[in-house]
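Listed here are the chains, written in short residue letters.
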Amino acid sequence: MARISRQAMCEAMRPFVGSAICDNTDFCTRLTDVLMNYAPYRDTLEDVLRQLESAIFNSLYELLGEGMKLRLDDGTVCRIRLSQLPQLADEALCVMFEGMEPYSRSYTIIKDYSLHAMSLSAMRILYTKFAGMQTEEEKRYLENVIRENFPEERYRSWLRPSL
């Protein structure tokens, strides 16, 4: 259904967990495996999101121990908190969305999920990769939903400025 690579997962996770974890452990491979096992006839995207959250927590706990502290590429030491798991899982799920061909079936799956689950990553893919499948009115609606529900730093680089 989608092209998913470990490299793409590393690129998605690197800002959140750093290059040391992405490049020198099996962290990204584990997340990629979760996505590769997705079967739409068997799994919902919510199921996959829960599996990703579990894989992220278990992998990082094994690698980092109870403190869950890691060093990002800019040298900042941070602690991964349980409250961050949904965002990390959403970013990982985005790797699958990014690998989907821009067909109407993929568009429908992502659109339904994005609004049902309030997934910023899914909304980003709709806005960027599937922009041609939406009317201007739909794009403005999506922009408004994003601006009203997410901090600007999470969408500033890809969402057009408000008028």
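All of these numbers come straight from a predicted model, not from anything done at the bench.

## Focus: the overall build of the protein chain
Then comes step 1: The helix and strand tally for the protein chain stands at eight helices and two strands.
Then comes step 2: Of the regular secondary structure in the protein chain, the N- to C-terminal order runs α-α-α-α-β-β-α-α-α-α.
Then comes step 3: Relative to the globule expectation of 15 Å for 163 residues, the C-alpha radius of gyration of the protein chain, 16 Å, shows essentially globular dimensions.
Then comes step 4: Along the first, second and third principal axes, the C-alpha set of the protein chain runs to 45 × 40 × 25 Å.
Then comes step 5: Relative to its 163 residues, the protein chain shows a buried fraction of 44%.
Then comes step 6: Sequence separation of 24 or more characterises 58% of the internal contacts of the protein chain that already satisfy a separation of 6 or more.
Then comes step 7: For the protein chain, the exposed surface amounts to about 8900 Å²; the carbon and sulfur share of it is 50%.
Then comes step 8: Distance between charge centres in the protein chain, computed from 20 positive and 24 negative side chains, equals 2 Å.

## Concerning the environment of Leu159
Then comes step 1: Structurally, Leu159 is set in the segment after helix H8 (136–149).
Then comes step 2: With a relative accessible area of 7%, Leu159 lands in the buried category.
Then comes step 3: Between the C-alpha atoms of Leu159 and Ile146, which are 13 residues apart in sequence, the distance is 8.9 Å.

## Considerations on the packing of helix H4 (residues 45–64) against helix H5 (residues 85–99)
Then comes step 1: The interhelical angle for the contact between H4 and H5, taken along N-to-C directions, is 120 degrees, at an axis separation of 9 Å. Relative to H5, the element H4 lies oblique. The way H4 lies across H5 gives a crossing that is right-handed. Judged by residue contacts, Leu45, Val48, Leu49, Leu52, Glu53, Ile56 and Phe57 of H4 engage Leu85, Pro86, Leu88, Ala89, Asp90, Ala92, Leu93, Met96 and Phe97 from H5.
Then comes step 2: Broken down by class, the residue content of the contact of H4 with H5 amounts to 14 nonpolar, no polar and two charged.

## A look at unusual backbone geometry
Then comes step 1: Positive phi outside glycine occurs at Met68, with the angle close to 50 degrees.
Then comes step 2: In this structure, Met118 is a non-glycine residue whose phi angle is positive, near 55 degrees.
Then comes step 3: If you trace the backbone, Met118 turns up in the loop between helix H6 (104–117) and helix H7 (120–128).

## Some points on the confidence of the model for the protein chain
Interpretation of the predicted coordinates at a detailed level should be avoided for regions scoring low in pLDDT.
Then comes step 1: Within the protein chain, residue pLDDT values average 94, and 99% of them lie at 70 or more.
Then comes step 2: Considering each helix and strand of the protein chain separately, the mean pLDDT is smallest for H6, with a value of 91, and largest for helix H3 (residues 27–36), with 97.

## As for H7
Then comes step 1: In terms of burial, H7 is a largely internal element, eight of the nine residues being buried.
Then comes step 2: Looking only at H7, the buried set comprises Leu120, Ser121, Ala122, Met123, Arg124, Ile125, Leu126 and Tyr127.
Then comes step 3: Buried residues along H7 sit against H5, H6 and H8.

## A short note on the packing of H7 against H8
Then comes step 1: Where H7 meets H8, the closest approach of the two axes is 11 Å, and the angle between their N-to-C directions is 155 degrees. In terms of their interaxial angle, H7 and H8 are classed as roughly antiparallel. By crossing handedness, the relation of H7 to H8 is classed as left-handed. Contacts between H7 and H8 involve Leu120, Met123, Leu126 and Tyr127 from the former and Lys139, Leu142, Glu143, Val145 and Ile146 from the latter.
Then comes step 2: The class makeup of the residues in the contact of H7 with H8 is seven nonpolar, no polar and two charged.

What counts, and where the lines are drawn
- Residues numbered from 1 in each chain as written.
- Predicted model: local features only at pLDDT ≥ 70, side-chain atom pairs only at ≥ 80, totals over all residues.
- Heavy atoms only, no water.
- Helix = DSSP H or I, 4+ residues; strand = E, 2+ residues; numbered from the N terminus.
- Rg over C-alpha atoms; globule rule 2.2 N^0.38 Å.
- Buried < 20%, exposed > 50% of the residue type's maximum accessible area, 1.4 Å probe, protein only.
- Contact = heavy atoms within 4.5 Å.
- Areas by Shrake-Rupley, 256 points an atom, 1.4 Å probe, with all protein chains shown as cover.
- Lys, Arg positive; Asp, Glu negative; His and termini not counted.
- Charge placed at Lys NZ, Arg CZ, Asp CG, Glu CD.
- Axes fitted to C-alpha atoms, helices over the stretch in contact; angles between N-to-C directions.
- Parallel < 35°, antiparallel > 145°, perpendicular 65-115°, else oblique.
- Left-handed = near helix turned anticlockwise from the far one by under 90°.
- Nonpolar A, V, L, I, M, F, W, Y, C, P; charged D, E, K, R; others polar.
- pLDDT = per-residue confidence, 0-100.

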